[in-house]
Amino acid sequence: MRLTIHVGSATPLELQIGTSHHPYLGPLPEVGQTIVIPEDANVDAVFKGKAKVKKIIWRYSPEGSALWPEIVCKRLTGTSGGAR
């Protein structure tokens, strides 16, 4: 699964969640749901905190016969991260 987070006009952050050997086993977030990028995540501080899921795009690679979701989010301004 790939997570893409948009913050204003900055270049979006793309995170790979899980791998083919260690897939993400949790449920997919739903469009409109708020997710939290924790403060201890290894990403630039501007991407940490709450983000709203805007859309889910299913990607396919015919070379590897792989299908995976790209979760597109927009960072909510004025929010701080942390555990939920």
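Here the structure is a predicted model, which is why all the values come from computation and not from measurement.

**Some thoughts on the overall build of the protein**
No. 1: Of regular secondary structure, the protein possesses zero helices and five strands.
No. 2: Listing each helix as α and each strand as β along the protein from the N terminus yields β-β-β-β-β.
No. 3: Its C-alpha atoms give the protein a radius of gyration of 13 Å, near enough to 12 Å, the size a compact globule of 84 residues would have.
No. 4: For the protein, the spread of C-alpha atoms along the three principal axes comes to 40 × 25 × 20 Å.
No. 5: Taken over 84 residues, the protein has a buried fraction of 26%.
No. 6: A sequence separation of at least 24 residues applies to 46% of the contacts in the protein between residues at least 6 apart.
No. 7: For the protein, the computed accessible surface area is about 5700 Å², with 55% contributed by carbon and sulfur atoms.
No. 8: One way to put it: in the protein the 10 positive side-chain charges average out to a point 8 Å from where the 7 negative ones average out.

**Section: the environment of P62**
No. 1: With respect to the secondary-structure elements, P62 resides in the loop between strand 4 (49-61) and strand 5 (66-75).
No. 2: Placed 49 residues apart in sequence, P62 and L13 show a C-alpha to C-alpha distance of 25 Å.

**Description of the confidence of the model for the protein**
No. 1: This prediction gives the protein a mean pLDDT of 84; 90% of its residues lie at or above 70.
No. 2: For the protein, per-element mean pLDDT is lowest for strand 2 (residues 13-16), which scores 88, and highest for strand 4, which scores 93.

**Focus on the environment of W58**
No. 1: In this fold, W58 is placed in strand 4.
No. 2: For the pair W58 and I71, spaced 13 residues apart in sequence, the C-alpha to C-alpha distance is 8.8 Å.
No. 3: Discounting residues that sit within four places of it in the chain, W58 has contacts with L28, L67, W68 and P69.

Criteria and thresholds
- Residues numbered from 1 in each chain as written.
- Predicted model: local features only at pLDDT ≥ 70, side-chain atom pairs only at ≥ 80, totals over all residues.
- Heavy atoms only, no water.
- Helix = DSSP H or I, 4+ residues; strand = E, 2+ residues; numbered from the N terminus.
- Rg over C-alpha atoms; globule rule 2.2 N^0.38 Å.
- Buried < 20%, exposed > 50% of the residue type's maximum accessible area, 1.4 Å probe, protein only.
- Contact = heavy atoms within 4.5 Å.
- Areas by Shrake-Rupley, 256 points an atom, 1.4 Å probe, with all protein chains shown as cover.
- Lys, Arg positive; Asp, Glu negative; His and termini not counted.
- Charge placed at Lys NZ, Arg CZ, Asp CG, Glu CD.
- pLDDT = per-residue confidence, 0-100.

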